[in-house]
Structures are given as C-alpha cells and as structure tokens.
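Structure at a glance
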Amino acid sequence: MFEEVFIISQRGDVLVSKSYILDATFDASSKFTDWIKESRTQLLLPVKEQKGCFFFHIKVSTYYLVGTTKDEKVQPFTAIEFLSRIKGLLKDFCGSLTEEAIILNRTLILELLDEVADYGFIRTTSTKSLKPYIQQAALPVRQSRQQHTVFGLGPGLFGADFQSAPSTAANKPMTQGQDSQAINVQRNEIFLDVVEKLSAVVASNGTIVTSDINGSIQVRSFLSGAPELKLCLNDGLVAGKPSQVGYGNQLRVDHLELHPAVRLDHSHQTKTMSISPPEGEFTLMKYNISGELQRGLPFLMSITIDEINDTQELNVDLRLQCLLPENISAINIRVTTPVPADTKSVAPSLPSRDHNFQFDAKDNKTVWKIKKMTGGTEFTAKLRVQFNSVTSSSRSLVGPVNLEFEVKDWTCSSLQINYLKVFDSQKSYVPQRWVRYVTHSKSYTFRTR
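First things first, this report covers the structure right here in the doc.

Rules and cut-offs
- Residues numbered from 1 in each chain as written.
- Predicted model: local features only at pLDDT ≥ 70, side-chain atom pairs only at ≥ 80, totals over all residues.
- Heavy atoms only, no water.
- Pairing = 2+ DSSP bridges.
- Helix = DSSP H or I, 4+ residues; strand = E, 2+ residues; numbered from the N terminus.
- Axes fitted to C-alpha atoms, helices over the stretch in contact; angles between N-to-C directions.
- Parallel < 35°, antiparallel > 145°, perpendicular 65-115°, else oblique.
- Left-handed = near helix turned anticlockwise from the far one by under 90°.
- Contact = heavy atoms within 4.5 Å.
- Nonpolar A, V, L, I, M, F, W, Y, C, P; charged D, E, K, R; others polar.
- Core = buried A, V, L, I, M, F, W, Y, C linked by side-chain atoms within 4.5 Å.
- Buried < 20%, exposed > 50% of the residue type's maximum accessible area, 1.4 Å probe, protein only.
- Polar contact = N/O pair within 3.5 Å; in protein donor to acceptor, adjacent residues only side chain to side chain.
- Salt bridge = Lys/Arg side-chain N within 4 Å of Asp/Glu carboxyl O.

**Side note on the pairing of strand β22 (residues 365-374)**
Across 9 bridges, strand β19 (residues 329-338) lies against β22 in antiparallel orientation. Residue arginine 334 lies in a different strand from β22, and its bridge partner there is lysine 369. Alignment of strand β21 (residues 356-360) against β22, held across 5 bridges, turns out to be antiparallel. Bridging from a neighbouring strand, asparagine 356 pairs with lysine 369 of β22. Connecting β21 to the next strand, β22, in antiparallel fashion are 4 residues, including asparagine 364 with a positive phi near 55°.

In structure tokens, the structure reads:
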C-alpha cells in the first residue's frame, strides 16, 4: 500500500520517516516540502499526484502525517483511514499529539510504524495487538510545556463516583518511562470526555434561525484485564425525531451512533450501556441534536451600526451577552467582524484592559478577544470604522459576526453521565474514573441585517 510514511513539520523538517520499500531515486519528503511552500496561502488537498507518486496526508497539530505510493490502485479513502488509525496509535502510545511529543518519542514511533505494516501492507492498527510488541517506553511531555486549553483546566466534581481530571489526563500515554510520576506502577484509570460542538445562526433581531449540536463521548481506557463497564446517561434520553418520539421534557437526540463494544441493556432504552472497552482511545458514542435546544444558546449579541453624518466613518457597537449559569465561565472568546475592503482604520473602545483587539487589513476583519466571561455578564465593544470612501453599500458590508468560545463543566444539550461503574471479575484493583464536560463553538454566527 504505502512505500513510505513520514511526519513532517510545517517548516519542512522531517520528524520521523519510515521507508517500507527503498527507492533512492525519489525524495518524497523534499517534494512534499516544496508543495507546502507553494501552497502557503491555500489549503492543501488530502491527495496529490506528482511524477507518478501519490501523496496522501492528514494535518495533525503543527505537522503533517504523510503516506506515499506509486500504486494507482490504492483507494484514497483507505489511505486516509490508515493515516487516521496511525494518528490514533500515536495518541495512545505517546499520550500527546504535539510536535514536541513526536520528537521525544521518535524511536517509539518507528517501532509502531514497523509493526503496523509489512512492506507497506497493513498488518494491524489495534492498540491491544500492538502493545506486547512495543518495547520502547513513552516519554511524556512535561506539564509546564503543554498547551493549556479547555481540556487541561480540570472540570468540576460529578457526585461520589467521579473525580475531576488533572491537567495532564488527556496526554497520558499507554506506557510511561521511568522518569514519569508512576514508576513501576500501572494505575487503572478510565477517562471520559463529553464533548459538544455547537453551531448556530442568529438573526439581527435575536431570533434563532438554526442551531445544531454535534456531540461525542470520548473514552481513554487504562484498565488492566478485561473489565466490563456500566454507564448510565440521563433518565429521559430518547433517540429520534420529534414526530417519532413526541414532545416532552426528556432529552431528545436526532441521531445516535454507538461503538461496536456497546451493548444496550434494553432493546429500546439508550440510557444504560454495558461496555467491554478496548485499550486506548475510542469514541463511545456520537449524537446530533438540531432545532430548539433544551438549555438555549450560551451567547446572544446585539449589533448596532450607525453612520456618522458628513464623515467617512461608521460606529459599530457589539453588545455580547453570556447566558450561561453564574457559576459557569467561557474562555478563549473571539469575536470576528468582517469589514469592507476599503476600510482605512478601526479605533476600538473596549470594556476592559484585559481584552485585546486587532484589525487585520489584509483579510478585512477585526478580532475582539476575551480571555474569560462569566455567566450572567455582558460586554460592549464600540468600534469607529473609518473608510477611504463611504458608499451606499459600506454599512451592509459589515458582518456577519462570528463567535468562537470554549466552556468547561457544561453541555448545551444537558447530556449527563449519571454513573460509571467498573466490574472486574478478578477484583484485583479499585479503578479511578474521571469525567469531564466540554462545549465549544463550531460555527456560531450573528447576522447584521
């Protein structure tokens, strides 16, 4: 299938390279580097053919995972899926997908690439099957160097069954070196992340045009033996369109997809699951909710645009309201406002010194950044937009406004894990169970007209 698999940074540095078929006449990494340089202002296509060689790649963090072949019969979907499986293995065995983790664990990654394929043909991508053959221990990235995102902030406590996850929980490798905190001790832990991506379009009068949630429950299992999990979701969880299940106070999901390891205790009941978890990371459940949301939207914005008489300027007021509960906060908030191409300058008046503002003249947009916003609060940014020449269409060319944010300890759907139990037939250990809730924006837009 693949003649070579390599990991290359955006700068063109080859971090890891594995050749399954030696071909000294073709330098694939150099060709891919040239392609990166030629396409700096454009999005790279996942497949490219050059001089009879096919390049398949996926982007991970600040680098590319690339596979090459000269076989025209290789199916693109199969190639991309194989690279995605390799990405999952990197996460399982290295703990983190950052560029630093790749550099630290170069030897381990070469072992993985050597085991997953023979002469470029896929042998296995199962974490459980590969684990006995990987001799190199992972070197974890130091906590102080890890990127602090919403996944590393440590969520709240959810009853006696759960504990809040430490900031390094998401980056724990399947195996650890002797310099890690767990020397000669294999801690039996399982981590669950309930992650929701929220999309919404809000009209200029505040009416919600569309709203949609794409959610998933991600699991990372470090349990020894073959334990069974019992997981219970909301009591009123039902799957199907409103016309199929009716209306009520229950949590309704339009579409539900479960991992093959899941067994439902009752044929028509989705709230209680029995799971035989594979080792490593996997998606336990995917779900989609569209239409009216049970908890409503977390943010609303009112936008006012006024023309200043006898000047070439507009006043734009952005009033952002956070509708989250008072004990919940959103972080990493970005308010992006497109402006006309003939905009000369933008003078902001921000509500706090902690807020940042940037006018990007090249891309014709402004970016208002807020580090943190607590539920029940509101901020107003006043922008004075100056043009080279004002036309009748200048006002209509401001917007629509795009909002980005991250929220921990809260889900827009109100999906909740009521309990998580681990049954070990040998009763040889007491497992630790960690649960976290995260919501972030996918496409959150406010229309200005």
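**Some thoughts on the packing of helix α2 (residues 76-94) against helix α4 (residues 106-116)**
Direction vectors running N to C along α2 and α4 enclose 135°, while the axes themselves pass 11 Å from each other. On the basis of the axis angle, α2 is oblique to α4. Seen from above, α2 lies across α4 with right-handed handedness. Of the residues in α4, those in contact with Phe82, Ile86, Leu89, Leu90, Phe93 and Cys94 of α2 are Leu108, Ile109, Leu112, Leu113 and Val116. Taken together, the residues that form the contact of α2 with α4 break down as 11 nonpolar, no polar and no charged.

**With respect to the nonpolar core**
Counting 63 residues, the largest nonpolar core has Phe299, Leu320 and Ile333 as the members making the most contacts within it. No other element matches the 6 residues that strand β8 (residues 189-202) contributes to this core. Not counting the four nearest positions on each side in its chain, phenylalanine 299 is found in contact with Leu320, Gln321, Cys322, Ala330, Ile333, Met373, Leu403, Phe405, Tyr444 and Phe446. Counting residues in hydrophobic clusters, the runner-up holds 32 residues, among them Val5, Phe56, Leu112 and Ala138.

**What about the environment of threonine 448?**
The residue threonine 448 is located in the segment after β26 (432-446) in this model. When the C-alpha positions of threonine 448 and valine 401 are compared, they lie 7.4 Å apart, and in sequence the two are 47 residues distant. Leaving out residues up to four positions away in the same chain, threonine 448 has contacts with Ser204, Ile303, Ile305, Val398, Gly399, Pro400 and Val401. At 2.8 Å, the side chain of threonine 448 and the backbone oxygen of valine 398 are in polar contact.

**With respect to the sheet that holds strand β17 (residues 299-307)**
On the basis of which strands lie adjacent, the open sheet formed by 4 strands has the order β17-β18-β23-β20 and antiparallel pairing. Each end of this open sheet is capped by a strand with a single partner; those strands are β17 and β20 (343-349). Neighbour to neighbour, the strand axes of the sheet diverge by 20° on average, direction disregarded. Bridge count between strand β18 (residues 313-322) and strand β23 (residues 378-387): 9 bridges; the pairing is antiparallel. Bridged to leucine 318 within β23 is alanine 381.

**Digging into the sheet that holds strand β4 (residues 53-60)**
Hydrogen bonds along the backbone pair up the strands of a sheet, which may run parallel or antiparallel. Taken together, the 5 strands give an open sheet; going across it, the order is β2-β1-β5-β4-β3, and neighbouring strands pair in antiparallel fashion. Edge positions in the sheet fall to β2 (14-19) and β3 (47-50), since each has one partner strand and no second. Recorded for the sheet is a direction-independent mean angle of 20° between the axes of neighbouring strands. In this sheet, β2 lies alongside strand β1 (residues 4-9) in antiparallel orientation, the contact comprising 5 bridges. Within β2, the residue paired with isoleucine 8 across the bridge is valine 14. The sheet strands contacting helix α1 (residues 28-38) are β1, β2, β3, β4 and β5 (63-69), and the helix crosses β1 at an angle near 40°.

**What about unusual backbone geometry?**
A cis geometry characterises the amide bond from glycine 399 onward to proline 400, with omega recorded as -5°. Here proline 400 is to be found in the loop between β23 and β24 (401-408). Phi is positive for aspartate 409, which is not a glycine, with a value near 65°. Along the chain, aspartate 409 turns up in the loop between β24 and β25 (419-423). Residue class for aspartate 409 comes out partly exposed when judged on its relative accessible area of 23%.

**Focus on the pattern of salt bridges**
Taken as a whole and judged by the stated rule, the model has 15 salt bridges. One salt bridge connects arginine 384 with glutamate 313, and the closest N-O pair in it is separated by 2.8 Å. Of the two residues, arginine 384 sits in strand β23 while glutamate 313 sits in strand β18, which places them 71 residues apart along the sequence. Owing to a relative accessible area of 16%, glutamate 313 belongs among the buried residues under this scheme. Between aspartate 409 and lysine 408 there is a salt bridge, with its nearest N and O atoms 3.4 Å apart.

**Remarks on the environment of aspartate 306**
Tracing the chain through its elements places aspartate 306 in strand β17. You can call aspartate 306 partly exposed: its relative accessible area is 39%. Considering only alpha carbons, one finds aspartate 306 and valine 316, 10 residues apart in sequence, at a separation of 6.6 Å. Non-local contacts of aspartate 306, meaning those with residues more than four positions away in its chain, are made with Leu314 and Asn315.

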